[in-house]
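Chain and residue survey
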Amino acid sequence: MHITESSLSLNVPDVEASAAWVRDHLGFTQAMAADGFVSLTHPEAGMALIYLRVGLPTFKPASAAGAVDGVLVVFTVDAIDAEYERLRSEGVEIVTEIETEPWGERYFQMRDPNGVVYQLVQWVAAPDQA
């Protein structure tokens, strides 16, 4: 198999709210859009983010047409502390404050207007090795 692109498609009630949030706070740009659909890209993300309006009649399988739940959208960054401060200053809802796990994962989590949770991660020396 030769994969040429990757995308993550998320069903949300308000497509434009999530699209605006990732444009404004994470630097994504809109690649295409239609009624109930927006696709966004970022030159460093390695995948496109797609938002589909919940309940679109064209969505298949229909059994999976409900709102996204229990998904983390995770991006690894170089300067986690600076990103944390920048996003807090922009008024982004932080749902998990910045912390470092014993294995060296420094991260925080935030939520967009549709409740999608995004996590930024930076791999650092484990606290017991610092």
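For the structure itself, look to the data block above.
For every chain, the first residue of the written sequence is number 1, and numbering continues from 1 onward in sequence order. This being a predicted model, a pLDDT of at least 70 is required before a residue's local features are given, and a value of 80 or more before pairs of side-chain atoms are given or counted; all residues contribute to the totals for chains, interfaces and linings. Think of the side-chain values as coming from all heavy atoms in the structure, minus any hydrogens and water.

This paragraph deals with the overall build of the protein. The secondary structure content of the protein amounts to two helices and eight strands. Secondary structure follows DSSP: runs of H or I at least 4 residues long count as helices, runs of E at least 2 residues long count as strands, and numbering of each begins at the N terminus. The secondary structure elements of the protein, listed N-terminal to C-terminal, are β-α-β-β-β-β-α-β-β-β. Taking the principal axes of the C-alpha coordinates as reference, the protein spans close to 55 × 40 × 25 Å. The rule is simple: take the accessible area with a 1.4 Å probe, protein chains only, and divide by the maximum for that residue type; under 20% is buried, over 50% is exposed, in between is partly exposed. Residues counted as buried form 40% of the 130 residues belonging to the protein. A contact between two residues is defined here by any heavy atoms of the two lying within 4.5 Å. Counted over contacts in the protein with a minimum sequence separation of 6, partners at least 24 positions apart contribute 48%. Summing over all exposed atoms, the protein offers an accessible surface of approximately 7,500 Å²; the carbon and sulfur share of this is 52%. His is not counted, nor are the chain ends; Lys and Arg add positive charge and Asp and Glu add negative charge. Charge coordinates come from a single atom per side chain, which is NZ of Lys, CZ of Arg, CG of Asp or CD of Glu. Of the charged side chains in the protein, 7 are positive and 19 negative, and the gap between their average positions amounts to 7 Å. To be clear on the numbers: accessible area is Shrake-Rupley with a 1.4 Å probe, and residue cover counts the displayed protein chains and nothing else.

We now examine the environment of Arg23. Take Arg23: it is sitting in helix H1 (residues 15-26). Counting along the chain gives 19 residues from Arg23 to His42, while the straight-line C-alpha distance between them is 9.2 Å. Among residues more than four places away in sequence, those in contact with Arg23 are Glu16, Phe28, Gln30 and Leu40. At 3.4 Å, the side chain of Arg23 and the side chain of Gln30 are in polar contact. Side-chain atoms alone can form a polar contact between residues adjacent in sequence; in general such a contact is a pair of N or O atoms within 3.5 Å, and within protein one must be able to donate a hydrogen while the other accepts it.

Another point: the sheet that holds strand E7 (residues 105-111). The sheet built from four strands is open, its strands ordered E5-E8-E7-E6 with mixed pairing. Edge positions in the open sheet fall to strand E5 (72-76) and strand E6 (93-100), since each of these has one partner strand only. Ignoring strand direction, the axes of neighbouring strands in this sheet form an average angle of 15 degrees. Helix axes use the C-alpha atoms of the stretch in contact, all axes being lines fitted to C-alpha atoms, and the angles between their N-to-C directions lie in the range 0 to 180 degrees. Here helix H2 (residues 80-89) sits on the sheet in contact with E6, E7 and strand E8 (117-123), set at roughly 20 degrees to E7. Should DSSP find at least two bridges between two strands, the strands are taken to pair.

Right, let's talk about the sheet that holds strand E4 (residues 48-53) for a bit. One open sheet holds the four strands; their spatial order is E1-E4-E3-E2, and the pairing between them is mixed. The open sheet is flanked by strand E1 (7-12) and strand E2 (29-34), the only strands paired with a single partner. Here the strands of the sheet are splayed against their neighbours by 20 degrees on average, with no regard to which way each runs. Inspection of the sheet shows E2 paired to strand E3 (residues 37-41) by five bridges, in the antiparallel sense. Residue pairing for E3: Thr29 is matched across the bridge by Thr41.

Take the pairing of E8 next. Among the seven residues that make up E8, six are buried, leaving the element largely enclosed by the rest of the structure. Strand direction decides the pairing type here: E5 and E8, joined by five bridges, are parallel. Across the sheet, residue Leu72 finds its bridge partner in E8, namely Val117. Relative to E8, E7 runs antiparallel, the two sharing seven bridges. Along E8, the bridge assignment pairs Phe108 with Leu120. Hairpin connection between E7 and E8: a loop of five residues separates the two successive antiparallel strands, and Gly115 in this loop has a positive phi of roughly 90 degrees.

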